[in-house]
Amino acid sequence: MALKAVHVSDVPNFDHVTENSSFPLYSTRFSKGAEVGKGSFKPPKFLVIGHRGNGMNLLQSTDRRMKAVKENTILSFNTAGNFPVDFIEFDVQVTKDGYPIIFHDNFILSEENGVVYEKRVTDLTLSEFLTYGLQRESSMVAKNLLRKTKDGKIVQWNVEADDASCTLQEAFQKVNPRLGFNIELKFDDHVVYQEEYLVNVLQSILQVVVGNAKDRPVIFSTFQPDAALLIKKLQNTYPVFFLTNGGNEIYYDIRRNSLEEATKLCLEGGLQGIVSEVRGIFRNPEMVKKIKESKLSLLTYGKLNNVPEAVYVQHLMGIDGVIVDLVREITDFVSSMVKPTEEQIPGQGKPRFSQTELAFLLKLIPELIQQ
């Protein structure tokens, strides 16, 4: 699986999901619709997207909100749906036997007879994967679920409201149909994938999406440059966004190392937009104008998106939406921040600031300075 990089130009004659597919990109809940064309995607409003549903789990955090609901579960998705989010974001991998499942980490950890072990998620069959964590049927024996934190500690995956792991198909069937899906195509940063493997994974995911999406809005996103290009080549119906750290970390693949490279990849591959770590935007605010002039949409993710002031500055900068963990708090803030057009006083639209004024506003966010 880790021998050969993909060359998209070498991939022949994919079966496309046509633009005239019976699965429209956006439902009528967006009254003005979405402006979609080759290389462009324009949301009709400032979007709020729930990260892994109602927020990611930070198991060592003292903030109970970060351990309230098990991430990437049906419960988390529908909890987010209780608030005015537009989309939920979640991570999709494909099991050894070809089933798209929703799980963030590359490895799943458990303990047996006092010994901790880990297995790569994509090396498990669907039935094996579903044995970890809470079980829907009391007759099923569960394997306890552990998690490795960023500093290497292994902790119990304990949350206040737990739920069982789920498949992508279950999400389509059981999640509030008004919620759009931002499907992150999850791959390991440390693996160079073979062409055949990537194609098989993406086709497995597309089969579930096309068969179940109906009127639900769907966006694909991924940090894997070749996967981004391939999913665009495989279908024309759903927007594809390239995820980037925005230069905060350096990778072997230069396409991942800056907003400039991300923009170049999107334009060359006909992608619709970029999802950047928010600090990359705040440190390079001039890139917002360049990205928008390239007719690309721009979303952000990161801890700063849980800070209302940081969200407001992004709204002023022209960013199209934010991926957040504190769903209730940020949706409440955005609802009060962004007023419907019909309620605005004529001539008093969104404030416009010069780059100098925006630079000053960025200095008002202390969390950024401390990074």
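Residues numbered from 1 in each chain as written. Predicted model: local features only at pLDDT ≥ 70, side-chain atom pairs only at ≥ 80, totals over all residues. Heavy atoms only, no water.

- Per an unreviewed UniProt entry, the recorded name for the protein is glycerophosphodiester phosphodiesterase, and the organism is Olea europaea subsp. europaea.
- Under Catalytic activity (unreviewed entry), UniProt gives the following word-for-word description of the protein: "a sn-glycero-3-phosphodiester + H2O = an alcohol + sn-glycerol 3-phosphate + H(+)".
- In its Sequence similarities (unreviewed entry) section, UniProt records this for the protein: "Belongs to the glycerophosphoryl diester phosphodiesterase family." (UniProt positions renumbered as here; feature names shortened; annotations may be inferred.)

**Notes on the side chain of Glu-170**
- Relative to the helices and strands, Glu-170 resides in helix α3 (residues 168-174).
- Polar side-chain contacts of Glu-170 include one of 3.2 Å to the side chain of Arg-136.
- Setting aside its immediate chain neighbours within four residues, Glu-170 contacts Ile-74, Arg-136, Ser-165 and Val-175. (Helix = DSSP H or I, 4+ residues; strand = E, 2+ residues; numbered from the N terminus. Polar contact = N/O pair within 3.5 Å; in protein donor to acceptor, adjacent residues only side chain to side chain. Contact = heavy atoms within 4.5 Å.)

**Details of the packing of aromatic side chains**
- Taken as a whole, this structure holds nine aromatic pairs when the rule is applied.
- Residues Phe-90 and Phe-181 carry aromatic rings whose centres are separated by 5.0 Å and whose planes lie at 80° to one another, so their mutual orientation is edge-to-face. Of this pair, Phe-90 sits in strand β4 (residues 87-94) while Phe-181 sits in strand β11 (residues 180-185); the two residues are 91 residues apart in sequence, bridging distant segments of the chain.
- Pairing Phe-103 with Phe-129 gives two aromatic rings, centres 5.7 Å apart and planes at 80°, and the pair type is edge-to-face. Note that Phe-103 is positioned in the loop between β5 (100-102) and β6 (107-112) and Phe-129 in helix α2 (residues 126-129), a separation of 26 residues in sequence.
- If you follow Lys-70 out to its NZ or CZ, it ends over the ring of Trp-157, 5.1 Å from the centre.
- Arg-216 extends its terminal NZ or CZ atom over the ring of Phe-181, reaching a point 4.1 Å from the ring centre. (Phe/Tyr/Trp six-rings, centres within 6.5 Å; stacked < 30°, edge-to-face > 60°. Lys NZ or Arg CZ within 6 Å of the ring centre and 35° of its normal.)

**Concerning the environment of Leu-124**
- Its place among the elements puts Leu-124 in the loop between β7 (115-120) and α2.
- On the basis of relative accessibility, which here comes to 2%, the residue Leu-124 falls in the buried class.
- Spatially, the C-alpha atoms of Leu-124 and Ile-108 are 9.6 Å apart, while their sequence positions differ by 16 residues. (Buried < 20%, exposed > 50% of the residue type's maximum accessible area, 1.4 Å probe, protein only.)

**Overview of the pattern of salt bridges**
- Taken as a whole and assessed by the stated rule, the structure comprises 19 salt bridges.
- Between Arg-147 and Glu-71 there is a salt bridge, with its nearest N and O atoms 2.8 Å apart. A residue pair is termed long-range when its members are at least 10 positions apart, and Arg-147 in strand β8 (residues 146-148) and Glu-71 in the loop between β3 (47-51) and α1 (74-80) qualify at 76 residues.
- Classification of Glu-71 as buried rests on a relative accessible area of 4%.
- The salt bridge involving Glu-170 is made with Lys-174; its shortest N-O contact spans 3.3 Å. Here the residue Glu-170 and the residue Lys-174 both occupy positions in helix α3, the gap between them amounting to four residues, near one helical turn.
- Overall, the relative accessible area of 14% leaves Glu-170 in the buried class.
- Linked by salt bridges that have partners in common, Arg-52, Glu-71, Asp-91, Asp-105 and Arg-147 make up one network. (Salt bridge = Lys/Arg side-chain N within 4 Å of Asp/Glu carboxyl O.)

**Structural notes on helix α5 (residues 225-234)**
- Taking burial as the measure, the 10 residues of α5 include nine buried ones, the bulk of the element.
- Buried positions along α5 lie against β11, α4 (195-212), β12 (218-222), β13 (240-244) and α6 (259-269).
- If you check the start of α5, you find a side-chain oxygen 2.9 Å away from the backbone N of Asp-226, and it comes from Gln-224.

**A look at the pairing of strand β16 (residues 321-324)**
- Going residue by residue along β16, you find Gly-321 and Ile-323 tucked away on one face and Val-322 and Val-324 tucked away on the opposite face as well.
- With four bridges joining them, β3 and β16 adopt parallel strand pairing. Pairing of Ile-49 across the sheet is with Ile-323, part of β16.
- The pairing of strand β15 (residues 297-301) with β16 spans two bridges and is parallel. If you follow Thr-300 over to β16, its bridge partner there is Val-322. (Pairing = 2+ DSSP bridges.)

**What to know about unusual backbone geometry**
- Although it is not a glycine, Asn-72 adopts a positive phi angle of roughly 55°.
- Among the secondary structure elements, Asn-72 is positioned in the loop between β3 and α1.
- The class of Asn-72 is buried, set by a relative accessible area of 3%.
- Here the phi dihedral of Lys-295 falls at roughly 60°; this positive angle occurs in a residue that is not glycine.
- Tracing the chain through its elements places Lys-295 in the loop between α8 (286-293) and β15.

**Some thoughts on the nonpolar core**
- In terms of nonpolar packing, the biggest core is built from 73 residues, with Ile-183, Val-209 and Phe-220 touching the most fellow members.
- Among residues more than four places away in sequence, those in contact with Ile-183 are Phe-90, Val-92, Leu-168, Phe-172, Val-209, Val-218, Ile-219, Phe-220 and Ser-221.
- In this structure, Leu-124, Leu-126, Phe-129 and Val-155 belong to the second largest nonpolar core, which totals 13 residues. (Core = buried A, V, L, I, M, F, W, Y, C linked by side-chain atoms within 4.5 Å.)

**Structural notes on the pairing of β7**
- The pairing of β6 with β7 spans six bridges and is antiparallel. Note that in β7 the partner of Ser-110 across the bridge is Tyr-117.
- In textbook terms, the turn of a hairpin is the stretch between consecutive antiparallel strands, and for β6 and β7 this stretch comprises two residues, one of which, Asn-113, has a positive phi near 55°.

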